[in-house]
Structure formats: structure tokens, C-alpha cells
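Here are the chains, one letter per residue:
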Amino acid sequence: MIYDFSFDRQAHLLTVRWHRIFTAADVLSYGNDYMRGFVAADFRSGYRLLMDMGSVGAQPQETLEPFMDHMRRIPKASRIAVSATVPLMRAQVARLMTQPYLRLFENVGEARRWVLG
């Protein structure tokens, strides 16, 4: 499995876990699965997003544009917490995800506490 989603309706929290590097085709499936789950969970703009990238490395260049396209199409979150430990992934997140309501963490527990706070 490349990724998984968990929708907590009570907390209006979407948790996304990445398990490995994506191909461009994986990004397309990810975007479709993300939106399908979002609609099925009856989520709306203003939700909280926790991205657990664990120890996944930086994504390849050919996946960056499809990821950016996906991010332009998804409803806006009120808070985004990203947990990533690999330095290149952290740098990539900081460069590409510039939302002022995003925070980057090395520990998923800290990220979860912040995004729910």
C-alpha cells in the first residue's frame, strides 16, 4: 500500500499516511481516492489535515506537478500538520506547501496535538 486515509468526522480531521515514494500514476490514484473519501465522509472546507510522511524520502521530480495540481483542487483545510523526518522530504514540503496555516513536525504525535489544538 502506498498511502491510506482516515476520516475522523467528530474531529473533522483527515489523516493521510504515506508509506513509500509515489510514481506519477500513483499521484493520480491518490488524488481520486482523496476526493472520493472526502465526499463519502461528508467533509467540507475548514477540515483539519494531518499528513504523516514518516520516514518517506523526497518525491521524484515527475510527481511534483501532479501533486501540485491535486493540492490546487482539494478543499481548503483550516490547519495542516505535516510529520516528516527525512531532511530532503522536509525541505520539499517547506518549498511546495507554503500555506500560512501549515506547520512541519518531526514527530506525528506533536503534529496531531497541534492540528487538533
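Report follows, based on the coordinates.

Conventions we followed
Residues numbered from 1 in each chain as written. Predicted model: local features only at pLDDT ≥ 70, side-chain atom pairs only at ≥ 80, totals over all residues. Heavy atoms only, no water. Pairing = 2+ DSSP bridges. Helix = DSSP H or I, 4+ residues; strand = E, 2+ residues; numbered from the N terminus. Axes fitted to C-alpha atoms, helices over the stretch in contact; angles between N-to-C directions. Contact = heavy atoms within 4.5 Å. Buried < 20%, exposed > 50% of the residue type's maximum accessible area, 1.4 Å probe, protein only. Right-handed = clockwise from strand over helix to strand, strands pointing away. 1 Å grid on protein atoms, 1.4 Å probe; cavity = no way out; pocket = protein on both sides within 12 Å on 5 of 7 lines; lining within 4 Å. Points joined across faces, edges and corners; volume = space filled by probe spheres on them. Nonpolar A, V, L, I, M, F, W, Y, C, P; charged D, E, K, R; others polar.

**Describing the sheet that holds strand β2 (residues 13-18)**
Moving on, step 1. Read from one edge of the open sheet, 5 strands run β1-β2-β3-β4-β5, paired in mixed fashion. Of all strands in the sheet, those bounded by a partner on one side alone are β1 (3-8) and β5 (102-105). Taken pair by pair, the neighbouring strands of this sheet meet at an average axis angle of 15°, ignoring direction.
Moving on, step 2. Bridge analysis of β1 against β2 gives 6 bridges, and the strand direction is antiparallel. Of the residues in β2, the one forming a bridge with phenylalanine 5 is valine 16.
Moving on, step 3. Against the sheet, helix α1 (residues 24-40) engages β1, β2 and β3 (48-52), with an angle of about 15° to β1.
Moving on, step 4. Packed onto the sheet, helix α4 (residues 108-116) meets β1, β2, β3, β4 (79-83) and β5 and runs at close to 175° relative to β4.

**Brief notes about the pairing of β4**
Moving on, step 1. Within β4, 4 of the 5 residues are buried, which leaves it mostly tucked inside the rest of the structure.
Moving on, step 2. Note that β3 and β4 share 5 bridges and pair parallel. Residue pairing in the sheet places leucine 49 in a bridge with isoleucine 80 of β4.
Moving on, step 3. In this fold, the crossover linking β3 to β4 by way of helix α2 (residues 61-73) has right-handed handedness.
Moving on, step 4. Regarding topology, helix α3 (residues 87-96) serves as the crossover connection from β4 to the parallel β5, and that connection is right-handed.

**Quick look at the pairing of β2**
Moving on, step 1. Among the 6 residues that make up β2, 5 are buried, leaving the element largely enclosed by the rest of the structure.
Moving on, step 2. Linking two consecutive strands that pair antiparallel, namely β1 and β2, is a turn of 4 residues; a positive phi of about 50° is found at histidine 12 within it.
Moving on, step 3. Here β2 runs beside β3; their pairing, made up of 5 bridges, is parallel. Looking at β3, one finds that leucine 13 is bridged to arginine 48.
Moving on, step 4. With α1 bridging β2 and the parallel β3, this β-α-β connection has right-handed handedness.

**Some details on the layout of surface pockets**
Moving on, step 1. Roughly 280 Å³ of internal volume is contained in the largest pocket.
Moving on, step 2. Along its surface, the largest pocket is lined by 25 residues, and Met51, Phe67, His70, Met71 and Met97 are the ones closest to its centre.
Moving on, step 3. Only α1, β3, α2 and α3 provide two or more residues apiece to the lining of the largest pocket.
Moving on, step 4. Tallying contributions element by element places α2 first for the lining of the largest pocket, with 5 residues.
Moving on, step 5. Class assignment of the residues belonging to the lining of the largest pocket gives a composition of 20 nonpolar, 4 polar and 1 charged.

**Notes on the side chain of aspartate 26**
Moving on, step 1. On the secondary structure map, aspartate 26 appears in helix α1.
Moving on, step 2. With residues near it in sequence (within four places) discarded, aspartate 26 still touches Ile2, Tyr3, Arg20 and Ile21.

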